[in-house]
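As a plain string of letters, each chain reads:
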Amino acid sequence: MSYSPKLGSAFNRTRLRDAEHPTPCSGMCSVCGDCPGLCEIGLAAVRGADTVYPTAGGNMQYASEKVYPVDLSHFNINGRVFGALGAPEESGEATVFHVKMETEIGRFHPIKLKLPVVLPAMAKLNWQDYFAGAAMAGVLAVIGEEDLSHGANIGAAHTDSPRLDLKPRPLYEEAEMAYFKTHHYGGIRKYQWVTIPLELHGVVVLRDGSKVDVHIGGKEDDPQFIINDLLPHLGREQGKKPLNEAIPSESLNVLLGGKPFEDKDCSDRFKLGVLQYLNAQYGITEEDFISAELEVVPAGKARDIGFDRSFIASYGHDDRVCAYAELAGIFDAVSPKKTAVCIFADKEEIGSEGVSGMLSQAFEWFMGDMCRTQGVALSDCFANSFCLSADVTAAYDPNFADVYDKRNSAFVNYGVALCKYTGSGGKGGASDASAEVVGKVRKLMNDNGVFWQMAEMGKTDAGGGGTVAKFMAQRNIDTLDAGVPVLSMHAPYETVAKLDCYMTYKCMKAIFEQA
């Protein structure tokens, strides 16, 4: 016995609306168990406005027939609720309109969501409003109107920044002071990291397998840390050394404290004094540092710079300023024809290695899962996709004009900087976008009122750098670099222009909507 209509449609090439293809689950799913073919609702999830729906039965329908003939969906149940979670325990307040469902995604720099939503397939007549809502709820891949055989528009930023990581056995004492030994992550100018306030952030897995988050130095009443430098009175020989040699890597040791442990008969009392604090606050023992990811970063909030407040100085503009533009762009994108995808990669500063870097197969798994639901080959999707490698570039600095080619440099307050190629020397390590790709983006920027400029990193023989662009290009995806010009890149405090940040956001939004 079935109370659900048989709504399989030859017009939509859908089935599963009959007793021969049941599912043991109630509710909706884009693909049911042992699914031989998509239903109308599943098809709508991955084809969007290409699907004509619904053909009958109202605006929302069952995804498939159920194993049992009668269930709670066939009745109206009057019940009594005891208690409330997310709202006051009062009948007038504990309603669906007052329940707070905020949550966060992300470890170190979480993104706040109003709803803990991962949207399933749901047939709605106003599909454009639906996927716009999906983006605002925090879904970082927004299904477009066209299927993935037409490709996707991808924004690829990275969220790691140069920093100091703790070594596996970092804690020691010397001259009645306790220190952490560090190993610098990414390209830094070591002399910039001494005598500035520092914070400590990360995660520690304890001996019992539990995990604790560590955040010290970010709050007003938190202690902070510092790396010592040599006083000028005794720095005659140090001053003769090149900048990159004056502060050796092994001297980037973080000062932690100078208060000894109470027991005067034990050794390493100053080291034990630090361990006593960490154990009391976080349950950490010295052995737990082996299974820890603890990072030392500059302390201080982002600040407006200049009398006119036209600049922003902060740690980590490279590349979080572009990651934010990318995220805001996909949230605000309206009616994207192609599926829009945001990438927030890790490990870019050390070559994109590891399972969280762009050399990992994680991106293939993510895109492959979406392609399989549509019966599209991943290779076809990649071949028809476009990627904007959203990464910062060097802004022309008149104080160091000798390393820039002024005619081919990015300038602050001139808009988002497009880079046909990065790399070093003879374009080593670059993807080098084609003329057609550059022309396509150039037209798109002009059509959408985006201020843009063409740029290189600097003079050919002065150095160079790379982005994730070449790794996206290796996947047969047309890719172009674009991002915010930065002054003092990789310094503890980097500077960007507000106009350039806004134009990078407009660029990303246009890419997601129209590329």
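Bear in mind the structure is a predicted one, so any value in this text is a computation, not a measurement.

*Asks:* Any chance you could break down the packing of helix 6 (residues 317-332) against helix 11 (residues 498-514) for me, citing the residues and the numbers?
*Replies:* Contact geometry for helix 6 and helix 11: axes closest at 8 Å, N-to-C directions at 45°. The angle between helix 6 and helix 11 places the two elements in the oblique class. Taken as a pair, helix 6 and helix 11 cross one another with a handedness that is right-handed. Contacts from V321, A325, E326, A328, G329, I330 and D332 of helix 6 reach helix 11 at C501, T504, Y505, M508, K509, F512 and E513. Here the residues of the contact of helix 6 with helix 11 are counted per class, giving 8 nonpolar, 2 polar and 4 charged.

*Asks:* How would you sum up unusual backbone geometry? Please name residues and give values.
*Replies:* Here D318 and D319 are connected by a cis peptide whose omega angle stands at 10°. Mapping D319 onto the fold places it in helix 6. Here the phi dihedral of R309 falls at roughly 55°; this positive angle occurs in a residue that is not glycine. Within the secondary structure layout, R309 lies in the loop between strand 14 (303-305) and strand 15 (311-314). The phi angle at D432 is positive, at roughly 55°, despite the residue not being glycine. Looking at where D432 falls in the secondary structure, it is placed in the loop between strand 20 (423-424) and helix 9 (435-447). Residue D432 is classed as partly exposed on the basis of its relative accessible area, which comes to 29%.

*Asks:* Tell me about the environment of V203, and name the residues and values.
*Replies:* As for its placement among the helices and strands, V203 is situated in strand 9 (residues 198-205). For V203 and A292, which are 89 residues apart along the polypeptide, the C-alpha to C-alpha distance reads 5.8 Å.

*Asks:* Quick one: what's the story with helix 6, residue by residue and with numbers?
*Replies:* Along its 16 residues, helix 6 runs 22 Å from first to last C-alpha, staying within 8% of the 22 Å computed at 1.5 Å per residue. Of all the 16 residues making up helix 6, 12 are buried; the element is thus mostly covered by neighbouring parts of the structure. All of the buried residues along helix 6 are H317, D318, D319, V321, C322, A323, A325, E326, L327, A328, G329 and I330.

*Asks:* Give me the lowdown on the pairing of strand 15, citing residues and values where you can.
*Replies:* Bridge count for strand 14 against strand 15 is 3 bridges, and the pairing is antiparallel. When the sheet's bridge partners are listed, I305 is paired in strand 15 with F311. Bridge analysis of strand 15 against strand 25 (residues 494-497) gives 4 bridges, and the strand direction is antiparallel. Opposite A313, over in strand 25, you have T495 as the bridge partner.

*Asks:* Could you give me a rundown of the nonpolar core, with the residues and numbers involved?
*Replies:* When a protein is soluble and globular, its nonpolar side chains tend to lie buried together. Of all hydrophobic cores here, the largest spans 38 residues; its most connected members are F386, L388, M445, L480 and I511. Among the secondary structure elements, those contributing two or more residues to this core are helix 6, strand 16 (339-345), strand 17 (386-390), strand 19 (416-419), helix 9, strand 23 (478-483) and helix 11. With 32 residues, the next largest nonpolar core counts L252, I284, L294 and V296 among its residues.

*Asks:* Could you give an account of the environment of H183, with specific residues and numbers?
*Replies:* Note that H183 resides in strand 8 (residues 177-185). Considered as a pair, H183 and V296 are 113 residues apart in the sequence and their alpha carbons are 9.9 Å apart. Those residues in contact with H183 that lie beyond four places of it in its chain are L164, D165 and K167.

*Asks:* Requested: an account of the pairing of strand 13 (residues 292-298), with residues and values cited.
*Replies:* Burial analysis of strand 13 places 5 of its 7 residues in the buried class, the great majority of the element. Sheet topology note: the strand 9/strand 13 ladder contains 7 bridges and is antiparallel. Residue pairing for strand 13: H201 is matched across the bridge by E295.

*Asks:* Quick one: what's the story with the packing of aromatic side chains, residue by residue and with numbers?
*Replies:* Centre-to-centre distance and the angle between the planes together describe a pair of aromatic rings. Under the counting rule described, the total for this entry stands at 7 aromatic pairs. An angle of 0° between the planes, with centres 5.7 Å apart, marks the rings of F363 and F382 as stacked. Note that F363 is positioned in helix 7 (residues 362-374) and F382 in helix 8 (residues 378-383), a separation of 19 residues in sequence. F363 sits in the buried class, given a relative accessible area of 8%. Here a set of aromatic residues connected by ring pairs shows up, and it is made of Y396, Y404, F411 and Y414. The side chain of R163 reaches across the aromatic face of Y185, ending 3.7 Å from its centre. Its guanidinium or amino end placed over the ring of Y421, K427 lies 4.1 Å from that ring's centre, counting from NZ or CZ.

*Asks:* How would you summarise the pattern of salt bridges if you had to cite specific residues and measurements?
*Replies:* Evaluation of the coordinates by the stated rule reveals 15 salt bridges. Residue R163 is joined to D165 by a salt bridge in which the shortest nitrogen-to-oxygen separation is 2.6 Å. Taking the shortest distance from any N to any O, the salt bridge between R309 and D304 comes out at 3.0 Å. When its relative accessible area of 35% is taken as the criterion, D304 is described as partly exposed. Linked by salt bridges that have partners in common, R163, D165 and E295 make up one network.

*Asks:* Account for helix 9, naming residues and giving values.
*Replies:* Here helix 9 is 13 residues long and its end C-alpha atoms lie 18 Å apart, about the 18 Å a rise of 1.5 Å per residue gives. Those residues of helix 9 not exposed but buried are V437, V438, V441, L444 and M445. Taken around the axis of helix 9, the buried residues stretch over an arc of 130°, which confines them to a single face. Turned more than 90 degrees off the buried face of helix 9, the exposed positions are A435, E436, K443 and D447. One or two positions beyond helix 9, positive phi appears at G449, with a value near 65°.

*Asks:* Any chance you could break down the sheet that holds strand 5 (residues 141-142) for me, citing the residues and the numbers?
*Replies:* In spatial order, the strands read 5-16-6-17-23-19-21; together these 7 strands make up an open sheet with mixed pairing. At either margin of the open sheet sits one strand with a lone partner, and together these are strand 5 and strand 21 (452-454). In this structure, strand 6 (residues 152-158) lies alongside strand 16, joined through 7 bridges in parallel fashion. Bridge pairing in strand 16 places A152 opposite T339.

Cut-offs and rules
Residues numbered from 1 in each chain as written. Predicted model: local features only at pLDDT ≥ 70, side-chain atom pairs only at ≥ 80, totals over all residues. Heavy atoms only, no water. Axes fitted to C-alpha atoms, helices over the stretch in contact; angles between N-to-C directions. Helix = DSSP H or I, 4+ residues; strand = E, 2+ residues; numbered from the N terminus. Parallel < 35°, antiparallel > 145°, perpendicular 65-115°, else oblique. Left-handed = near helix turned anticlockwise from the far one by under 90°. Contact = heavy atoms within 4.5 Å. Nonpolar A, V, L, I, M, F, W, Y, C, P; charged D, E, K, R; others polar. Buried < 20%, exposed > 50% of the residue type's maximum accessible area, 1.4 Å probe, protein only. Expected span 1.5 Å × (residues − 1). Pairing = 2+ DSSP bridges. Core = buried A, V, L, I, M, F, W, Y, C linked by side-chain atoms within 4.5 Å. Phe/Tyr/Trp six-rings, centres within 6.5 Å; stacked < 30°, edge-to-face > 60°. Lys NZ or Arg CZ within 6 Å of the ring centre and 35° of its normal. Salt bridge = Lys/Arg side-chain N within 4 Å of Asp/Glu carboxyl O. Arc of directions from axis to C-beta.

Keep in mind these numbers describe shape, not what the thing actually does.
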